[in-house]
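Report on the structure
Below are the chains, spelled out letter by letter.
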Amino acid sequence: MNSNIKKILCAVDLSEHSKMVAEYATTMAKAFNAEITVLYTAPSLSQYVGFHVPPSSIENFVGEIVTGAEQSMDEFISECFTDPSIKVEGKILSGYAAQEIIGYATSNDMDIIVMGTHGRTGIDRMLFGSVAEKVVKTATMPVMTIRPKV
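Parameters and conventions
Residues numbered from 1 in each chain as written. Predicted model: local features only at pLDDT ≥ 70, side-chain atom pairs only at ≥ 80, totals over all residues. Heavy atoms only, no water. Helix = DSSP H or I, 4+ residues; strand = E, 2+ residues; numbered from the N terminus. Buried < 20%, exposed > 50% of the residue type's maximum accessible area, 1.4 Å probe, protein only. Contact = heavy atoms within 4.5 Å. Areas by Shrake-Rupley, 256 points an atom, 1.4 Å probe, with all protein chains shown as cover. Phe/Tyr/Trp six-rings, centres within 6.5 Å; stacked < 30°, edge-to-face > 60°. Core = buried A, V, L, I, M, F, W, Y, C linked by side-chain atoms within 4.5 Å. Arc of directions from axis to C-beta. Salt bridge = Lys/Arg side-chain N within 4 Å of Asp/Glu carboxyl O. Pairing = 2+ DSSP bridges. Axes fitted to C-alpha atoms, helices over the stretch in contact; angles between N-to-C directions.

1. A short note on the overall build of the protein
Helix and strand content of the protein: five helices and five strands. What you see in the protein, going N to C, is helices and strands ordered as β-α-β-α-β-α-β-α-α-β. Each of the 150 residues in the protein was classed as buried or not, and the buried ones make up 39%. Taking all contacts inside the protein whose residues are at least 6 apart in sequence as the whole, residues at least 24 apart take part in 76%. A total accessible area of about 9000 Å² is found for the protein, and carbon and sulfur atoms account for 54% of it.

What follows is the structure, encoded as structure tokens:
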């Protein structure tokens, strides 16, 4: 295991809470002289193929989501990562969030994943599960989770 942190994966959903996740990633990047990749995963919608929705319509819709996400990502990075000494790159993927986060982190040799949790409880958590929980359970590198302020 490598405890030398040089590559931080900051996984966000571009919500209001993502700003706090970005702050933690920035603090770590400064402390370790590391670079940050900010990752957003757009939902894939491929599970809807076969519901009498033509695949081309789904692809067009996902394309629009990704285009919107790219614009949101650019705004998020310029707003939340203002220190010019830290190298920050944005990345948009499409698919199942936990799988995409782990796949990207593994194939790009990330040293740590920093991500938010939604702090869901009860039935909400049972129905939706937790992307953060799945990442924590399956990632091969350390994962730092940030709970939203209540």
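2. A closer look at the packing of aromatic side chains
The full count for this structure, using the stated rule, is one aromatic pair. Here the aromatic rings of phenylalanine 76 and phenylalanine 81 are separated by 6.1 Å at their centres, their planes lie at 75°, and the arrangement is edge-to-face.

3. Some remarks on the nonpolar core
In this structure, Ile8, Cys10, Ile36, Val38, Phe76 and Phe81 are the most contacted members of the largest nonpolar core, which totals 30 residues. Where this core is concerned, the elements lending two or more residues are β1 (7-11), α1 (18-32), β2 (35-42), α2 (55-80) and β4 (112-116). For this core, the element with the highest residue contribution is α2, accounting for eight residues. Not counting residues up to four positions away in its chain, the partners in contact with phenylalanine 76 are Val12, Leu14, Ser18, Lys19, Ala22, Val38 and Phe81. Core analysis: the next-biggest nonpolar cluster, separate from the first, contains 16 residues, Leu9, Tyr104, Ala105 and Met110 among them.

4. Some remarks on unusual backbone geometry
Of note, leucine 14 is a non-glycine position whose phi angle comes to about 65°, a positive value. Of note, aspartate 109 is a non-glycine position whose phi angle comes to about 50°, a positive value. With respect to the helices and strands, aspartate 109 occurs in the loop between α3 (97-107) and β4.

5. Comments concerning α3
An α-helical turn contains 3.6 residues, so a residue and the one three or four places further along point in the same direction. Restricting attention to buried positions, one finds in α3 the residues Ala97, Ala98, Ile101, Ile102, Tyr104 and Ala105. Taken end-on, α3 shows its buried residues confined to a sector of 165°, consistent with a single buried face. Opposite the buried face of α3, by more than 90 degrees, sit the exposed residues Gln99 and Ser107. In this fold, the buried residues of α3 make contact with β1, β2, β3 (88-94), β4 and α5 (131-138). Of the residues flanking the end of α3, it is aspartate 109, one or two places downstream, whose phi is positive at about 50°.

6. Section: the pattern of salt bridges
Side chains that carry opposite charge are capable of pairing whenever their charged atoms lie near each other. Evaluated as defined, the whole model comprises five salt bridges. Notably, a salt bridge pairs glutamate 79 with lysine 19, separated by 3.1 Å at the nearest N-O pair. In this pair, glutamate 79 sits in helix α2 while lysine 19 sits in helix α1, placing the two residues 60 residues apart along the sequence. Put simply, aspartate 83 and lysine 30 hold a salt bridge, and the shortest N to O gap is 3.7 Å. Highlighted residues: aspartate 83 in the loop between α2 and β3 and lysine 30 in helix α1, separated in sequence by 53 residues. The partly exposed category is assigned to aspartate 83, whose relative accessible area is 22%. A cluster of three or more residues bridged by salt bridges with shared partners is formed by Glu16, Lys19 and Glu79.

7. A few points about the sheet that holds β1
In any sheet, the strands associate via hydrogen bonds between backbone groups, in a parallel or an antiparallel arrangement. Here five strands make up an open sheet; going across it, the order is β3-β2-β1-β4-β5 and the pairing parallel. The open sheet terminates on both sides in strands that have one partner only, identified here as β3 and β5 (143-146). Each neighbouring strand pair of the sheet contributes to a mean axis angle of 20°, computed without reference to strand direction. Bridge count between β4 and β5: four bridges; the pairing is parallel. Bridge assignment links valine 114 to a residue of β5, and that residue is methionine 144. Contacts between α3 and the sheet are confined to β1, β2, β3 and β4, with β2 contributing the most and set at about 150° to the helix. In the packing of α5 onto the sheet, contacts are made with β4 and β5, and the angle to β4 comes to roughly 160°.

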